[in-house]
Amino acid sequence: PAYCTLPISRLRDRLTPPLWKLLQKASRQAEKRGWHLYLVGGAVRDLLLADRQKQVLLEDIDLVVDGFHKSADVGAGVELAKALQTIYAGGRLEVHGQFQTAALLWHKNPDLGSLWIDIATARTEFYPYPAANPEVEASSIRQDLYRRDFTINALAMRLTNPRVGELLDFFGGLLDLQSQQIRVLHANSFIEDPTRIYRAVRFAVRLGFEIEPQTESYIRYAIASGIYEQIQGKNGRAPALETRLKSELKYILQAPYWKPALQLLANLEALRCIHPSLELDENLWWQVRLFDRCLQKFDPQKTLEHWQMRLEVLIAYLAPEFRGKVANNLQLSADSIERLQNLDKAETNITKTLSALELKSEIVQLMRQYNLPTLILIAVKTSRPIRQKIWRYLTEWNYIKTPLNGNDLKALGYKPGKQFKEILDTLLTATLDGKIDNRESAEAFIAEHFPLT
Ligand code: ATP
């Protein structure tokens, strides 16, 4: 392994003071028990990449504690999390696995803000060893790091004495940070966990790094060997994998860099993990971009889940019979699954019916049966004349108002009740079809069609 020691002030200067204080407290707790504590994963990567003197905002940090706990029921990580919870009141503790990992969460804590700390226990053997045995210790943290995805995410920084600030780099992560490479730790990495393909793309695009050529060939090999079938549950269901694929897709599709990431995924043929027949050809790429412009225009407040809508465009490109199943596998929201299941029916209905309609009011009536997401999903994949009608409905016709409203009707002597809606609907139809365009013509129109008795 390569060890290098960073001055601990470098860590201090790049963390917010409350987080620095928390890590110090955690280290003291670990030292008191004779344990080693490490900062690992993305936090180390981001701290090393950050410009000098620039603080890194960390809301999600990973710690690994290497230590033996006398009770076989409680891992050292869990005990450390409990100790921290006592010091910082109000944190929520979650324990995962039998006794290995703990998560400690604070939401809008006055001191810490929103913070999520995962604390894993490195040691899997439950017997004590002399704390001063560096060889055993190295093999223990190494084992933990070896389970990780990329060299740049497999660096550990020691937070406890002695040798506080020591950076443990077993796999060449520092060099890869410098040469900007995403590299896996071993050849089987993607076969073991295909979601790492999506993670490789995410880190490559986000950090502006390159997927190291050998790693890229492992990705291509994993895809060519049909690894995606694992995700689609063909080799027995693997729901955990689907959940993780969904969360990686979410990460990517909600990020500002989602377009180049999608292109890179397509280039690696990794979209097959969504469905074996999914390819980002020119037509789909065009649809995806047009759809995004529609989302910006019609939903600037982001009331819809844009990442999920982007995924829906990809799924909608599949043959109709696959859409519902893919959406289901990925555990999309119920309305999203339903939309994709019914999209073909909606598209056929709109396409067929529209060609027979001439009056604007009839078109509006047809469109009103569908919500905005359905209409824009159809608009991007349908023919140009239909797209133009959907567009005009969404931009103009849907907003046309009648010259008279309910209050005006009351003032004219109509009694609120069932007939009101009928009058207003008839007025809207007449307005849309250009039969009336101002108050006078509207009043004349209702006097003729709904005479007051
Ligand atoms: P981000 O800044 O995007 O949160 P991160 O590196 O912190 O990046 P997480 O998804 O929070 O990413 O994961 C934390 C750490 O856990 C990673 O740095 C990596 O070491 C490890 N990890 C996460 N997912 C995997 C995986 N699928 N396979 C192996 N290791 C993983």
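Preceding this section is the structure that the text describes.
This write-up is about the structure you can find in this document.

Criteria and thresholds
- Residues numbered from 1 in each chain as written.
- Predicted model: local features only at pLDDT ≥ 70, side-chain atom pairs only at ≥ 80, totals over all residues.
- Helix = DSSP H or I, 4+ residues; strand = E, 2+ residues; numbered from the N terminus.
- Buried ≥ 20, exposed ≤ 12 C-beta atoms within 10 Å, placed from the backbone.
- Near = placed C-beta within 6 Å.
- Nonpolar A, V, L, I, M, F, W, Y, C, P; charged D, E, K, R; others polar.
- Domains from an automatic or database assignment.
- Pairing = 2+ DSSP bridges.
- Core = buried A, V, L, I, M, F, W, Y, C linked by C-beta atoms within 7 Å.
- Contact = placed C-beta atoms within 7 Å.
- Axes fitted to C-alpha atoms, helices over the stretch in contact; angles between N-to-C directions.
- Parallel < 35°, antiparallel > 145°, perpendicular 65-115°, else oblique.
- Left-handed = near helix turned anticlockwise from the far one by under 90°.
- Arc of directions from axis to C-beta.

**Focus: the environment of Q419**
Its location among the elements puts Q419 in helix α21 (residues 418-432). Under the C-beta neighbour-count criterion, Q419 is labelled exposed, with 12 such atoms within 10 Å. Q419 sits 345 residues away from V74 along the chain, and the two C-alpha atoms are 71 Å apart.

**Some thoughts on the site of the ligand**
Around the ligand, a shell composed of G41, G42, D60, D62, R148, D149, N153, D193, T195, R196 and R199 is seen. A total of three residues in the shell around the ligand trace back to one element, the largest contributor, which is helix α8 (residues 195-207). Tallied by class, residues from the shell around the ligand come to no nonpolar, four polar and seven charged. Split by domain, the residues of the shell around the ligand number at least three in each of domain 1 (2-177) and domain 2 (180-280).

**Section: the pairing of strand β6 (residues 113-121)**
As defined by bridge partners, strand β3 (residues 60-66) adjoins β6 across six bridges and the pair is classed as parallel. Opposite L63, over in β6, you have I119 as the bridge partner. Counting the residues between successive antiparallel strands, the hairpin from strand β5 (residues 101-109) to β6 contains three residues.

**Quick word on the nonpolar core**
The biggest cluster of nonpolar side chains holds 100 residues, and the ones touching the most others in it are Y38, L39, L63, V65, A156 and V201. In this view, V201 contacts I252, A261, L264, L265 and A270; residues no more than four positions away in its chain are not counted. L404, L409, I436 and A442 belong to the second largest nonpolar core, which has eight residues in total.

**Observations regarding the packing of α21 against helix α22 (residues 439-449)**
Two numbers describe how α21 lies on α22: the axes approach to 11 Å, and their chain directions differ by 125°. In terms of their interaxial angle, α21 and α22 are classed as oblique. Considering how the two elements wind past one another, α21 and α22 form a crossing that is right-handed. Here α21 contributes I423, T426, L427 and A430 to the contact with α22, which in turn contributes A442, F445, I446 and H449. Each residue belonging to the contact of α21 with α22 can be placed in one class, and the counts come to six nonpolar, two polar and no charged.

**Topic: the environment of G34**
Mapping G34 onto the fold places it in the loop between α2 (17-32) and β2 (36-40). Spatially, the C-alpha atoms of G34 and Q296 are 55 Å apart, while their sequence positions differ by 262 residues.

**With respect to unusual backbone geometry**
P162 follows N161 through a cis peptide bond whose omega is -10°. Summarising the element assignment, P162 is placed in the loop between β7 (156-158) and β8 (166-169). In this structure, R163 is a non-glycine residue whose phi angle is positive, near 65°. Judged by local crowding, R163 falls into the exposed class, with 12 C-beta atoms found within 10 Å. A positive phi is found at E269, a non-glycine position, where the angle reads about 60°.

**Let's talk about helix α12 (residues 258-267)**
Of the positions making up α12, those classed as buried are W258, A261, L262 and L265. Down the axis of α12, the smallest arc covering the buried residues is 100°, so these residues share one side. Once α12 finishes, E269 follows within two positions and takes phi at roughly 60°, a positive value.

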